[in-house]
Amino acid sequence: MISRRDLLGAAGAAAAALTLPLVRVPVLKAPPKFFTPAEFALLDELSELIIPADEQSGGARAAGVASYIDGRLAESLEADVKARWRSGLNAVNALSRELHGKAFLAGTPEQRVAVLTKMSAAEADPKTPVEKFFKDLKWWTVFGYYTTKIGIQDDQQYKGNVYQTGDYAGYDAT
């Protein structure tokens, strides 16, 4: 039970705190729950290449897509799904080494795009493990991105359940 004196003291302290200048403290990102830090960095870069930031909205990195995928996989009970993601990321590095002689993240931006382009070339009918992984990667990146404020409101400019004016405002039943 809180006494009246304690309640008034806390209210006074809160009011006094409002007069202090705001100090921005950087938010520390939590470590990955499923992926290793190296795997997470690779996933983060791949998702950002799929949906990059532009003048209208932030990209997959700003939307936290890699964290979303990491969290979903950490909660997953399907060992084969987890194994596919790990082997898929390894396949990306293997393809990068095959094409450029170095791991994906060690490559230049142009080399990274070349690897992603090669991965996506057979998106309609993937045959190799890296092509199959690209299909999953793209689906989860798009799904994760468009379930965030950045994807819905900034990119798609969705305004929510509000009255829309203009040529397509709806039907007036009166």
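Overview of the structure.

Rules behind the numbers
Residues numbered from 1 in each chain as written. Predicted model: local features only at pLDDT ≥ 70, side-chain atom pairs only at ≥ 80, totals over all residues. Heavy atoms only, no water. Helix = DSSP H or I, 4+ residues; strand = E, 2+ residues; numbered from the N terminus. Buried < 20%, exposed > 50% of the residue type's maximum accessible area, 1.4 Å probe, protein only. Contact = heavy atoms within 4.5 Å. Expected span 1.5 Å × (residues − 1). Salt bridge = Lys/Arg side-chain N within 4 Å of Asp/Glu carboxyl O.

1. Things to note about the overall build of the protein
Broken down by element type, the protein carries eight helices and zero strands. Starting at the N terminus and walking to the C terminus, you meet the elements of the protein as α-α-α-α-α-α-α-α. When the 174 residues of the protein are sorted by exposure, 30% land in the buried category. Put simply, of all contacts in the protein between residues at least 6 apart along the chain, 60% involve residues at least 24 apart.

2. Some details on helix α5 (residues 79-100)
The first and last C-alpha atoms of α5 sit 32 Å apart over 22 residues, in line with the 32 Å expected at 1.5 Å per residue. Within the sequence span of α5, burial applies to Val81, Trp85, Gly88, Leu89, Ala91, Val92, Asn93, Leu95 and Ser96. Contact partners of the buried residues in α5: α2 (37-50), α4 (65-75), α6 (109-120) and α7 (129-145). Just beyond α5, the residue with positive phi is glycine 101, at close to 75°.

3. Let's talk about the pattern of salt bridges
In the structure shown here, the tally under the stated rule is seven salt bridges. One salt bridge connects glutamate 45 with arginine 61, and the closest N-O pair in it is separated by 2.8 Å. On the criterion of sequence distance, the pair formed by glutamate 45 in helix α2 and arginine 61 in helix α3 (residues 60-63) is long-range, its members being 16 residues apart. Among the residues examined, arginine 61 registers a relative accessible area of 35% and is labelled partly exposed. A salt bridge links aspartate 80 to arginine 84, with the shortest nitrogen-to-oxygen separation between them at 3.8 Å. With aspartate 80 and arginine 84 both in helix α5, this residue pair falls four residues apart, about one helical turn. Judged by its relative accessible area of 47%, aspartate 80 falls in the partly exposed class. By sharing partners, the salt bridges in this structure join Asp44, Glu45, Arg61 and Arg112 into a single network.

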